[in-house]
Amino acid sequence: MRTFVRSAGVHVNEDNALNYSAVWSCVKIISETIACLPWHVYKRVGAKNKEVMNGHIDWMLYRQPNSEMTSFTLKEVLVAWALTWGNGYAEIERDFSNRISALWPIPPHRVEPVRLENGQLFYRVFGDGFDEVYIPAANMLHLHGLGYDGLSGYSVISMAAKSIALGLACEQFGSNYFENGTHPGVVASHPNKLTDRARKNLEESLMNQYSGLGKSHRLLLLEEATKLEKIGFSPNDSQFLETRKFQLAEIARWFRMPLHKMSDLERSTNNNIEHQGIEFATDTILPWATRIECETDVKLFAASRGRTFNKLNMGGLLRGDVESRTEHYKVMSNLGAFSVNDILELEDRNTIGPVGDKRLVQINQTTLEKIGEEPVEPAGQDEPNHSDKVTDAVRPIFEAAARDISSREVKRAIDAQRRGVLNSQWISIFSREHSRYIERKITPACEALGEILELRNSDISVLISGFKGRHLRMIQDDLLNPELDSIEERSVEISNYLIDQAVRIAALKRS
């Protein structure tokens, strides 16, 4: 059902709401971002692995869902409908063997979910010159957002109609203001009583000479003691610019859209723009991608009971910048989690053949199969200390994480110092945010060392939380006087402390 709401002197529905740039921007960005995600069908191989199923359904989802459109168009239009109308529909066409052959989108104003007397769910499709038909739920791909009954989603345009109307009203006000030559409303008063003819002549004369964008700042000649008096408020008095800026954030809240994606960079910096991009992927795009995957699994692959499933690949949105990806690949490669070919595939590069499938670790860069083998020591040499071998193996990983932590602290403090905001309040805010960064950086290294030393997850958690508290207390004074030369020294100190603490915990367990 189409929305018809009047507020702030403006009618709002699903069509004219897109005339408001903030709504258009939100719908366009979210739908296009999801449409760009590769969409494949997979089958499970073993307990943890999967492989792409190169069949007809995979071709439909990845390239051509029907004979008239591409996969990009289907995803874009379904998500756009769900964002505005609350629901996006696509009929699942099947051949005579009941095999899926195509997906056909249907405009949401022509579809209504209905439940028959026997309890079965159908979708009634009607209008626009078509005969009314009832489609079984199993043959209708239904994408919807938040709803009251689990079957249909709320129309965001209907729920946000007053916010959208206020934004449209501001645009109309600005348009009228400039159309009238930036003049405020005025009243023309005449000392004598005017006839209808005289009143009309006076009004036409003033409108012709005074009103209009091209007639601003012109000389106006008044006769017979006629006076002009200003009425209404100026844009400044009515806080026109402030209202327009606030409405941008208001619409962004309805769609869970970060402001920097809508070209509002007032609160964005070079230091946080990458993390804001990742938050957009996890907070805005991921819920919609999950809805699509769940609905597609249920409607297209229900018979497989999870053995066959679909996936929208969000890896590209979460990749981060080159420096962050390089550091991530370095850590994962040192742990033996990624091979050279794995990294090349993640970077959309060609692999280097079977030799690139071997996974290496820091202990003399050997293969995983040889990790458990004890090296043969030459006769006459002392047995090397096992603890030293273990710590030497993981030390580069700790040092890399510690270097990132120290570098971030110093660079952020120098930036705050340059902007004149380096004080105790800034340090307090930075410490809360930096605590999460520290945990994210040192957790892989601590888990790797914990596995070698046979530490429990609770021991690793104690190690991480203890280090965070100690480190954040120790850097309070250092942040007020940041020095780039101190990064390397502090990195070594951090890595040594973490390794020593882990070894001490392991020793206590053994005793």
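Above this text sits the structure in question.
Residues numbered from 1 in each chain as written. Predicted model: local features only at pLDDT ≥ 70, side-chain atom pairs only at ≥ 80, totals over all residues. Heavy atoms only, no water.

> How do you make sense of the sheet that holds strand β13 (residues 308–312) when you look at a structure like this?
Hydrogen bonds between backbone atoms are what pair the strands of a sheet, whose relative direction is either parallel or antiparallel. The three strands lie next to each other as β4-β3-β13, forming an open sheet whose pairing is antiparallel. Edge positions in the sheet fall to β4 (49–52) and β13, since each has one partner strand and no second. Taken over all neighbouring pairs, the strand axes of this sheet differ in orientation by 45 degrees on average, direction set aside. Bridge analysis of strand β3 (residues 39–45) against β13 gives five bridges, and the strand direction is antiparallel. (Pairing = 2+ DSSP bridges. Helix = DSSP H or I, 4+ residues; strand = E, 2+ residues; numbered from the N terminus. Axes fitted to C-alpha atoms, helices over the stretch in contact; angles between N-to-C directions.)

> How should I be thinking about empty space enclosed by the protein in this particular structure?
Over the atoms a probe the size of a water molecule is rolled, and this reveals where empty space is left. By the definition in use, this model includes one cavity of 30 Å³ or more. Approximately 80 Å³ is the volume found for the largest cavity. Contributing elements (two or more residues each) for the lining of the largest cavity: α3 (71–84), β10 (140–144) and α8 (273–300). A per-class count over the lining of the largest cavity returns six nonpolar, three polar and two charged. (1 Å grid on protein atoms, 1.4 Å probe; cavity = no way out; pocket = protein on both sides within 12 Å on 5 of 7 lines; lining within 4 Å. Points joined across faces, edges and corners; volume = space filled by probe spheres on them. Nonpolar A, V, L, I, M, F, W, Y, C, P; charged D, E, K, R; others polar.)

> I would appreciate a short explanation of the side chain of Asn 13 in the present structure.
Within the secondary structure, Asn 13 sits in the loop between β2 (10–12) and α1 (21–36). A distance of 2.9 Å separates a polar atom in the side chain of Asn 13 from the backbone nitrogen of Asp 15. (Polar contact = N/O pair within 3.5 Å; in protein donor to acceptor, adjacent residues only side chain to side chain.)

> Sorry, what's going on with a nonpolar patch on the surface here?
There is a patch of nonpolar side chains on the surface, built from Leu 146, Tyr 148, Tyr 154, Met 159 and Trp 254 and spanning about 590 Å² of accessible area. Structurally, Tyr 154 can be placed in the loop between β10 and α4 (156–159). (Patch = residues over 30% accessible without salt bridge, like charges linked within 9 Å, V, L, I, M, F, W, Y side chains within 5 Å. Areas by Shrake-Rupley, 256 points an atom, 1.4 Å probe, with all protein chains shown as cover. Salt bridge = Lys/Arg side-chain N within 4 Å of Asp/Glu carboxyl O.)

> Teacher, can you tell me more about the nonpolar core here?
Inside soluble globular proteins, nonpolar side chains tend to come together where they are buried. Grouped together as the largest cluster of nonpolar side chains are 55 residues, with contacts concentrated most on Val 12, Val 23, Ile 30, Ile 164, Ile 251, Phe 255 and Met 257. Once residues within four sequence positions are removed from consideration, Ile 251 is found in contact with Tyr 20, Ala 22, Val 23, Cys 26, Ser 163 and Ile 164. Counting residues in hydrophobic clusters, the runner-up holds 33 residues, among them Phe 398, Phe 430, Ile 464 and Phe 467. (Core = buried A, V, L, I, M, F, W, Y, C linked by side-chain atoms within 4.5 Å. Buried < 20%, exposed > 50% of the residue type's maximum accessible area, 1.4 Å probe, protein only. Contact = heavy atoms within 4.5 Å.)

Everything listed is a geometric property; what it means functionally is a separate question.
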